[in-house]
Amino acid sequence: MGTSQSREGHELTDSDAEYHSGSEEEEDDDEDVHYDAVERQETPQSSSASQRTLDEIDTKLKSLKLKYPVANNALPTRPVKLYLHIGGGTPNAKWVVADKLASYDFVKTSKIKDDDDDSQESDGGGTSVWVLKVGLKVRVRVSTDMQLKMFGDQRRVDFVADGVWALKFYTDEEYRKFVTQFQDCLFENVYGLEAKDENKVKIYGKDFIGWIKPEVADDTMWEDAEDGSQSTPVRINQDLMEEFEEAAKGGVQSLSLGALDNSFLVNDLGVQVYRNYDKGIHWKGAAVKFESPGGSSGTQFTPKKAMLMRGETNMMLMSPLKEGKPHTTGINQLDIETGKIVSEWKFEKDGTEITMRDITNDTKGSQLDPSESTFLGLDDNRLCQWDMRDKSGIVQNIAKGVDSPVLQWNQGHQFSKGTNFQCFATTGDGSIVVGSLDGKIRLYSRTSMRQAKTAFPGLGSPITHVDVTYDGKWVLGTTDTYLILICTLFTDKDGKTKTGFGGRMGNKIPAPRLLKLTPVDSHWAGANNKFHGGHFSWVTENGKQERHLVATVGKFSVIWDFQQVKNTAHECYRNQQGLKSCYCYKIVLKDESIIESRFMHDNYAVSDSPEAPLVVATPMKVSSISLSGKRSQG
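Note that the structure is predicted; figures quoted are calculated from it, not measured.

(A) Representation of the overall build of the chain in the model. Check the secondary structure of the chain and you find eight helices and 39 strands. Taken over 634 residues, the chain has a buried fraction of 54%. Pairs at least 24 residues apart make up 59% of the contacts formed inside the chain by residues separated by at least 6 positions. Only carbon and sulfur atoms are counted for the fraction: they give 46% of the accessible area of the chain, which is about 27500 Å².

(B) The sheet that holds strand E2 (residues 94-110), seen in detail. With respect to topology, seven strands assemble into an open sheet ordered E4-E3-E2-E1-E7-E6-E5, the strand pairing being antiparallel. For this open sheet the edge positions go to strand E4 (138-141) and strand E5 (149-151), each flanked by a neighbour on one side alone. With direction set aside, neighbouring strand axes in the sheet form an average angle of 30°. Note: E5 against strand E6 (residues 156-160), three bridges, orientation antiparallel. Bridge pairing links Phe151 to Arg156 in E6.

(C) Looking closely at the packing of aromatic side chains. Scanning the model with the defined rule gives 23 aromatic pairs in all. The interplanar angle of 10° and the centroid separation of 5.8 Å between the aromatic rings of Trp211 and Phe456 together place this pair among those described as stacked. With Trp211 in helix H5 (residues 209-212) and Phe456 in strand E25 (residues 454-456), this pair connects stretches of sequence that are 245 residues apart. Take Trp211 and Phe456: they sit in the same class, and that class is buried. Centroid distance Phe536 to Phe562: 5.3 Å. Interplanar angle 55°. Geometry classified as tilted.

(D) Inspection of the environment of Tyr191 at higher detail. By the element assignment, Tyr191 lies in helix H3 (residues 172-191). In this structure the C-alpha to C-alpha distance between Tyr191 and Ile203, which are twelve residues apart in sequence, comes to 8.1 Å. Every residue in contact with Tyr191, bar those within four places of it in the chain, is listed here: Ile203, Tyr204, Gly458, Leu459 and Gly460.

(E) Layout of the pattern of salt bridges. With the rule as written, the count across this model stands at 23 salt bridges. In this structure, Asp158 and Arg156 form a salt bridge, with 2.6 Å as the shortest nitrogen-oxygen distance. Exposure class is identical for Asp158 and Arg156. Each is buried. For Arg446, the salt bridge goes to Asp429, with nearest N and O atoms at 3.3 Å. Linking Arg446 in the loop between strand E24 (441-444) and E25 with Asp429 in the loop between strand E22 (421-426) and strand E23 (432-436), this pair joins segments that are 17 residues apart in sequence. When salt bridges that share partners are traced, they join Glu245, Lys590, Asp591 and Lys621 into one network.

(F) Region of the structure containing the sheet that holds strand E36 (residues 586-589). Read across the open sheet, the four strands follow the order E32-E33-E34-E36; overall the sheet is antiparallel. Every interior strand has two partners, whereas the edge strands, strand E32 (531-536) and E36, have only one. Across the sheet, the axes of successive neighbouring strands diverge by a mean angle of 20°, strand direction being ignored.

(G) Summary view of the packing of H3 against helix H4 (residues 197-204). One can describe the packing of H3 onto H4 by two numbers: an axis separation of 12 Å at closest approach and a directional angle of 50°. By the angle class used here, H3 and H4 are oblique. As for how H3 packs across H4, the hand of that crossing is left-handed. Contacts from Asp184, Phe187 and Tyr191 in H3 reach Asn199, Lys200, Ile203 and Tyr204 in H4. Residues belonging to the contact of H3 with H4 are distributed by class as follows: four nonpolar, one polar and two charged.

(H) Structural context of H4. When H4 is considered as a whole, its buried residues turn out to be Asn199, Lys200 and Tyr204. All buried residues of H4 project into a common sector of 120° when viewed along the axis, lining one side. Facing away from the buried side of H4 by more than 90 degrees, the exposed set consists of Glu198 and Lys202.

(I) Structural view of the environment of Asp492. Counting through the fold element by element, Asp492 comes out in the loop between strand E29 (489-491) and strand E30 (497-499). On a C-alpha basis, the gap between Asp492 and Gly503 in space is 8.4 Å, while along the polypeptide they are eleven residues apart. Side-chain polar atoms of Asp492 contact the backbone nitrogen of Asp494, separated by 3.0 Å. Separated by 3.3 Å, the side chains of Asp492 and Lys498 make a polar contact.

(J) Highlighting the nonpolar core. Of all hydrophobic cores here, the largest spans 29 residues; its most connected members are Leu485, Leu549, Val558 and Trp560. Only helix H6 (220-224), strand E27 (474-478), strand E28 (483-487), E32, strand E33 (548-553), strand E34 (556-561), helix H8 (562-566) and E36 provide two or more residues apiece to this core. What Leu549 contacts, discounting residues up to four positions off in sequence, is Leu476, Leu485, Leu515, His535, Phe536, Val558, Ile559, Trp560, Asp561, Phe562, Val565 and Phe599. Grouped together as the second largest cluster of nonpolar side chains are 27 residues, Tyr204, Cys423, Ile441 and Leu514 included.

(K) Seen up close, the confidence of the model for the chain. In the predicted model, the chain carries a mean pLDDT of 81, and 78% of its residues have values of at least 70. Mean pLDDT across the elements of the chain bottoms out in helix H1 (residues 24-32) (36) and peaks in strand E26 (residues 465-468) (98). Every residue in residues 1-55 is under pLDDT 50, and counting partners more than four places away or in other chains gives 148 contacts.

(L) Representation of the pairing of E33 within the structure. For E33, a buried count of six out of six residues is recorded, marking the element as mostly surrounded by other parts of the structure. Going residue by residue along E33, you find His548, Val550 and Thr552 tucked away on one face and Leu549, Ala551 and Val553 tucked away on the opposite face as well. Taken together, the four bridges between E32 and E33 define a ladder with antiparallel strand orientation. Paired with His532 across the bridge in E33 is Thr552. Sheet analysis places E33 next to E34, joined by six bridges and oriented antiparallel. When the bridges of E34 are listed, Leu549 appears paired with Trp560. In this structure, the hairpin formed by E33 and E34 is closed by a connection of two residues, where Gly554 is found at a positive phi of approximately 60°.

(M) How the structure looks around unusual backbone geometry. Positive phi values are uncommon outside glycine, yet Asn420 reaches one of about 50°. By the element assignment, Asn420 lies in the loop between strand E21 (406-414) and E22. Notably, Asn575 is not glycine yet its phi reads approximately 60°, a positive angle. Checked against the element boundaries, Asn575 lands in the loop between H8 and strand E35 (581-582).

What counts, and where the lines are drawn
- All residue numbers refer to position in the chain's written sequence, counted from 1.
- Side-chain atom pairs in this predicted model are given and counted only at pLDDT of 80 or more, local residue features only at pLDDT of at least 70, and totals for whole chains, interfaces and linings cover all residues.
- Hydrogens are left out, water is left out, and the side-chain values use all remaining heavy atoms of the structure.
- Strands here are runs of E lasting at least two residues and helices are runs of H or I lasting at least four, both read from the DSSP assignment and numbered beginning at the N terminus.
- Between buried and exposed lies partly exposed: a residue is buried under 20% and exposed over 50% of the maximum accessible area for its type, with that area taken using a 1.4 Å probe on protein chains only.
- The contact criterion used is simple: two residues touch if any of their non-hydrogen atoms lie within 4.5 Å.
- To measure how exposed things are, a 1.4 Å probe is used in the Shrake-Rupley method; for residues, cover is taken only from the protein chains shown.
- By definition, two strands form a pair when at least two bridges between them are found by DSSP.
- Axis lines are fitted through C-alpha atoms, for helices just across the contact stretch, and the angle between N-to-C directions can take any value from 0 to 180 degrees.
- Pairs were defined over the aromatic rings of Phe, Tyr and Trp, the Trp ring being its six-membered one, requiring ring centres within 6.5 Å. Orientation was assigned from the angle between planes: stacked under 30 degrees, edge-to-face over 60, tilted for the rest.
- Here, a salt bridge means any side-chain nitrogen of Lys or Arg that lies within 4 Å of a carboxyl oxygen of Asp or Glu.
- What sets the label is the angle itself: under 35 degrees gives roughly parallel, over 145 gives roughly antiparallel, 65 to 115 gives roughly perpendicular, and the rest give oblique.
- Working rule for handedness: look at the near helix, and if it is turned counterclockwise from the far one by less than a right angle, call the crossing left-handed; if clockwise, right-handed.
- Throughout this entry, Asp, Glu, Lys and Arg are counted as charged residues, while Ala, Val, Leu, Ile, Met, Phe, Trp, Tyr, Cys and Pro are counted as nonpolar. The remaining residues, Gly among them, count as polar.
- By arc we mean the arc of the directions from the helix axis to the C-beta atoms, nothing more.
- For the purposes of these results, a polar contact is taken to be a pair of N or O atoms within 3.5 Å, where, inside protein, one atom must be able to donate a hydrogen and its partner to accept one; residues adjacent in sequence count only when each atom of the pair is a side-chain atom.
- Within this scheme, the nonpolar core is defined by two criteria: the residues are buried Ala, Val, Leu, Ile, Met, Phe, Trp, Tyr or Cys, and they are joined through side-chain atoms within 4.5 Å.
- For every residue, the predictor reports its confidence as pLDDT, a number between 0 and 100.

As structure tokens, this is what we get:
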């Protein structure tokens, strides 16, 4: 069996702990106070429970002048207490005091290759970046890689900088000043512009006031978007139970889940066939080795992308032309029932060979259609629909010794400017969401690929993967360090509620939510491990609502409860400045990096479970995990 592990990610807050006066022995005791960081991220408690006035704090800090010399017995500017987290993900993990009286500052430095190297403060000329310094122990470039988390009720922030640190502020004013300055420095580091309102409008657009100032955003749509019918009540303490774990026969490249009888793992040898059950997927003992149209086995290509079609009897396989680059000039069509590659299709437009970087089905459920003959393609500056039929409407076939058939460009657009498309997905009705390198997320209707109906601004990080709910009301974008959840609903001038796929949303666009790891979990996942493959759970029926979201980072599969994330009163969102971030999740931990994590089709959700099983594929194993409807004890 695998090493499946579930863990609560939500924070249990503590009462505010002030820096206290008392004997030196009390101070030493305070250094040893810690908490279990695996389940709790609370501020270490002081042995003194009473609140101290600022005068008492000032007196105590001044008394430390021999240990922490400061000019004229004055307090350091911007004083903080610095904690360091030790022990990683072990049961003995704890916080220790790293500096009882440190001073922080944001300084502008010359842009350097290695942020760990010292550099001179910039005079404003040339390229420079903002860096956070805390005493002599912390120096880090201000970025989303810090995974900064705010605890407004504790006057505290946690962040990652070659370790996990916590800053405890002595006043509410100093805490708010830090958070505001951090966000301003982050904006300037990302966009190269000072964090003024006019520059924010320039970057985000005047219609996205709620993204610029989340405190004035209209959250009505988040509240109204709840689908009460057929939705499952929130179960914060759901258990995760591993049902199956099996060795994969070769290095796994991708996972293709079917909604019918079978699912498939694509590896470097071929395709392994798995049987779908209500507790997950189980190997049938069947495998399909790639066989070329001429009959010779062992076709030399390693597919990185697989897409099911035609009632899940055919699979389209994409192989990159160059390692590390997703682009390709054609795809292979595998007939799963015969185990043969029946066509090697070429991408051409106006007689010229072109490339594609991704393909997807026309709609969320069109892979179930036995007569499906079209699918969508995406390249850096292209969005189109490909047709496997010729101009007379007959499906093309490949014959021995005949050149590869050419896919017909059915509809689409080649954009002249650098849109830098990266990924896309479709809704139940065929509307299209596209994510870009600049972080923008564009919504296209099913009838027009020339101009986006809505374009959401980027937050400074490239979108590496997108998904959308069946009804098109919610879009999930994946970046290296966070997921962004966007509500597409708006009210038109006639008072009707629509999605941004069908019309211009106007200037009352709801602010998004960010889904993040806690700094402790982010550091535990590894500095080189990035989020990838954020997905909603899978439904293909009107009126049904997705219940969970899942993404992968390193050896973690991270699961969020969708209803909980949408809840505007959720405890994660209290005392936050800026865009609201949710940290309530469960983690499935494997013993090797995860290729992909996906929920099975809603057909396989059983009565005692709030969700269909989760399938987790690593290079050498595949696991199935069920979410139990039972509450944890305690």
